[in-house]
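Read off the chains here:
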Amino acid sequence: MSRIGRMPISVPAGVDVKIEAGNLVTVKGPKGTLTEQLCPAMNITQEGAELHVSRPDDTKENRSLHGLTRSLLHNMVVGVTDGFEKRLDVNGVGYRVAKDGKKLVMTLGFSHQVIVEEIDGITIDVPDPNHIVIRGADKQKVGQFAAEVREKRPPEPYKGKGIKYADEVIRRKEGKTGAKKK
């Protein structure tokens, strides 16, 4: 049995979970509402303040979907209660970011400014010119949006300039050395 799949999901007070036919799950909480169509083969049951995911049989496909279904459901519950966030750092001389209404304006060494608009369900916060914080209830949306922002100027290995995740470690290269003189 899947170690992750058999763990129960505790539903905190103030969170409403509705399971409809075909495993269409709607989770409503203080940070918003998430709806997800989970695998219809899995059995999702709610017992009091806990959710349980079980599989119908031990076929390879159902074994692999068991833990996935439980993780997706758990991320929905965590998202509507606490939310998810990704932190990005901007490194480089003259590189900076600013917030203009619902737009993220980035100066990244190009001849023009790079502008990214907030999407619904995502909020962008700029605590200072070298840091970006992306928050939202949907873990997948937050991660995807952070990856798209990072893609505008990924970090380069020689000086480490660019946009990187706060917990990311950039592998640095040495660079060329000058020719030896005789």
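A brief structural summary. (Residues numbered from 1 in each chain as written. Predicted model: local features only at pLDDT ≥ 70, side-chain atom pairs only at ≥ 80, totals over all residues. Heavy atoms only, no water.)

**Section: helix α1 (residues 60–81)**
Now for step 1: An ideal rise of 1.5 Å per residue puts 32 Å on 22 residues; α1 measures up with 33 Å between its terminal C-alpha atoms.
Now for step 2: N62, L65, H66, G67, T69, R70, L73, M76, V77, G79 and V80 are the residues of α1 that are buried.
Now for step 3: Those residues of α1 that are buried lie in contact with β1 (9–10), β3 (24–29), β4 (32–37), β5 (43–47), β6 (50–54) and β7 (84–91).
Now for step 4: In the stretch just after α1, G83 is the one whose phi turns positive, near 85°. (Helix = DSSP H or I, 4+ residues; strand = E, 2+ residues; numbered from the N terminus. Expected span 1.5 Å × (residues − 1). Buried < 20%, exposed > 50% of the residue type's maximum accessible area, 1.4 Å probe, protein only. Contact = heavy atoms within 4.5 Å.)

**Focus on the sheet that holds strand β12 (residues 131–136)**
Now for step 1: Spatially, four strands are ordered β11-β12-β7-β13 in an open sheet, and the strand pairing comes out antiparallel. The open sheet has two edge strands, β11 (122–128) and β13 (162–165), and neither has a second partner. Within this sheet the neighbouring strands show an average axis-to-axis angle of 25°, counted without direction.
Now for step 2: Sheet topology places β7 next to β12; six bridges connect them, and they run antiparallel. Counterpart to F84 in the pairing with β12 is G136.
Now for step 3: Taken strand by strand, helix α2 (residues 139–150) contacts β7, β11, β12 and β13, and its axis lies near 10° from that of β7. (Pairing = 2+ DSSP bridges. Axes fitted to C-alpha atoms, helices over the stretch in contact; angles between N-to-C directions.)

**Re the pairing of β12**
Now for step 1: Relative to β12, β11 runs antiparallel, the two sharing five bridges. Among the inter-strand pairings, I122 is bridged to a residue of β12, identified as G136.
Now for step 2: Adjacent in sequence and paired antiparallel, β11 and β12 are bridged by two residues.

**Looking at the pairing of β6**
Now for step 1: Along β6, the buried face is formed by L51 and V53; none of E50, H52 and S54, which line the opposite face, is buried.
Now for step 2: As paired strands, β1 and β6 are joined by two bridges and run antiparallel to one another. Note on β6: the bridge partner recorded for S10 is E50.
Now for step 3: Where β5 lies against β6, five bridges are found, and the strand directions are antiparallel. Within β6, the position partnered with T45 by the bridge is H52.
Now for step 4: Counting the residues in the hairpin turn of β5 and β6 gives two residues, including G48, whose phi is positive at 65°.

**Quick word on the side chain of D89**
Now for step 1: Inspection of the secondary structure puts D89 in strand β7.
Now for step 2: Overall, the relative accessible area of 14% leaves D89 in the buried class.
Now for step 3: Polar contacts involving the side chain of D89 include one to the side chain of H131, which spans 2.7 Å.
Now for step 4: Each residue touching D89, except ones within four places of it in the same chain, is listed here: N130, H131, G162, I163, K164 and A166. (Polar contact = N/O pair within 3.5 Å; in protein donor to acceptor, adjacent residues only side chain to side chain.)

**Some details on the pattern of salt bridges**
Close approach of charged atoms allows side chains of opposite charge to pair.
Now for step 1: Following the criterion strictly, the structure yields eight salt bridges and no others.
Now for step 2: With a shortest N-O distance of 3.6 Å, R135 and D125 are connected by a salt bridge. Taken together, the residues span a long stretch of sequence, with R135 in strand β12 and D125 in strand β11 at a distance of ten residues.
Now for step 3: Assessed through its relative accessible area of 33%, R135 is described here as partly exposed.
Now for step 4: Between R150 and E168 there is a salt bridge, and its shortest N-O distance comes to 2.7 Å. Of this pair, R150 sits in helix α2 while E168 sits in the segment after β13; the two residues are 18 residues apart in sequence, bridging distant segments of the chain.
Now for step 5: Through salt bridges that share partners, E85, R87, D125 and R135 make up one connected network. (Salt bridge = Lys/Arg side-chain N within 4 Å of Asp/Glu carboxyl O.)

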